[in-house]
Amino acid sequence: MEIKFKLLANTEKLIAYMNRQLPNFPKKELVLKNNIEKNQYELIESVFGYNIQQSPRIKDKYLKDYLIKLSMFDFYIRESFHKKYLSKHQVDCLSKILIDCRKVAYGLIRSVGNV
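The model shown is predicted, which means the values in this text are computed figures rather than measured ones. (Residues numbered from 1 in each chain as written. Predicted model: local features only at pLDDT ≥ 70, side-chain atom pairs only at ≥ 80, totals over all residues. Heavy atoms only, no water.)

To continue, consider the packing of aromatic side chains. On inspection of all chains with the given rule, the structure shows 2 aromatic pairs. For the pair Phe 25 and Tyr 85, a centre-to-centre distance of 5.4 Å together with 45° between the ring planes defines the contact as tilted. Of this pair, Phe 25 sits in the loop between helix H1 (2-21) and helix H2 (30-52) while Tyr 85 is found in the loop between helix H3 (56-82) and helix H4 (88-114), placing the two residues 60 residues apart along the sequence. Each member of the pair Phe 25 and Tyr 85 is classed as buried. Seen from the ring of Tyr 50, Lys 59 lies directly overhead, with NZ or CZ sitting 4.2 Å from the centre. (Phe/Tyr/Trp six-rings, centres within 6.5 Å; stacked < 30°, edge-to-face > 60°. Helix = DSSP H or I, 4+ residues; strand = E, 2+ residues; numbered from the N terminus. Buried < 20%, exposed > 50% of the residue type's maximum accessible area, 1.4 Å probe, protein only. Lys NZ or Arg CZ within 6 Å of the ring centre and 35° of its normal.)

This part is about H2. The end-to-end C-alpha distance of H2 is 33 Å, a good match for the 33 Å that 23 residues give at a rise of 1.5 Å each. Of all the residues in H2, the buried ones are Leu 32, Ile 36, Asn 39, Gln 40, Leu 43, Ile 44, Ser 46, Val 47, Gly 49 and Tyr 50. (Expected span 1.5 Å × (residues − 1).)

Bringing the environment of Leu 108 into the picture now. Tracing the sequence through the fold places Leu 108 in helix H4. Placed 49 residues apart in sequence, Leu 108 and Lys 59 show a C-alpha to C-alpha distance of 9.3 Å.

This brings us to the pattern of salt bridges. When the charged atoms of two side chains with opposite charge come close together, those side chains can pair. According to the stated counting rule, one finds 7 salt bridges in the structure shown. Among the salt bridges present, the one from Lys 38 reaches Glu 42, with a minimum N-O distance of 3.7 Å. Separated by 4 residues within a single helix, Lys 38 and Glu 42 lie in helix H2, roughly one turn from each other. In this structure Glu 42 comes out as partly exposed when scored by relative accessible area, which is 23%. In this structure, Asp 60 and Lys 64 form a salt bridge, with 3.1 Å as the shortest nitrogen-oxygen distance. With Asp 60 and Lys 64 both in helix H3 and 4 residues apart, the pair spans about one turn of that helix. A single salt-bridge network, built from bridges that share partners, covers Glu 29, Glu 79 and Lys 83. (Salt bridge = Lys/Arg side-chain N within 4 Å of Asp/Glu carboxyl O.)

The subject of this paragraph is the environment of Ile 109. Within the secondary structure, Ile 109 sits in helix H4. For the pair Ile 109 and Asp 60, spaced 49 residues apart in the sequence, the C-alpha separation amounts to 6.2 Å. Once residues within four sequence positions are removed from consideration, Ile 109 is found in contact with Asp 60, Leu 63, Lys 64 and Leu 67. (Contact = heavy atoms within 4.5 Å.)

Turning to H3, a few remarks are in order. With 27 residues, H3 should reach 39 Å at 1.5 Å per residue; the first-to-last C-alpha distance of 39 Å fits that figure. Listing the buried residues of H3 in full gives Lys 59, Asp 60, Leu 63, Tyr 66, Leu 67, Leu 70, Phe 73, Tyr 76, Ile 77 and Ser 80. Two residues or fewer past H3, Lys 84 is found with a positive phi of approximately 65°.

Following this line, the structure appears as structure tokens:
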């Protein structure tokens, strides 16, 4: 049970850090900013969907959706860095949190597969 909350806690930490950076994005990058915000809500939605479902097959689907959304989040971070809206230090901090989220998610996929 604790590991599920760790996934949620890491995701919330990732979102909180990114939300502190979003006001620094220029107004002309409204599409990128909106996609990041939308993706953040979808990440949380996937975690909640995983927590609520009972079927291992559906839990696995939510975790895989989560990993896809996490990959998109990673893409948005890289794109923001290339456009110089995020510094190298900010990207490093976000990447560490992303790696933690991925580790927990893959661990959960392994455990769901073994049930």
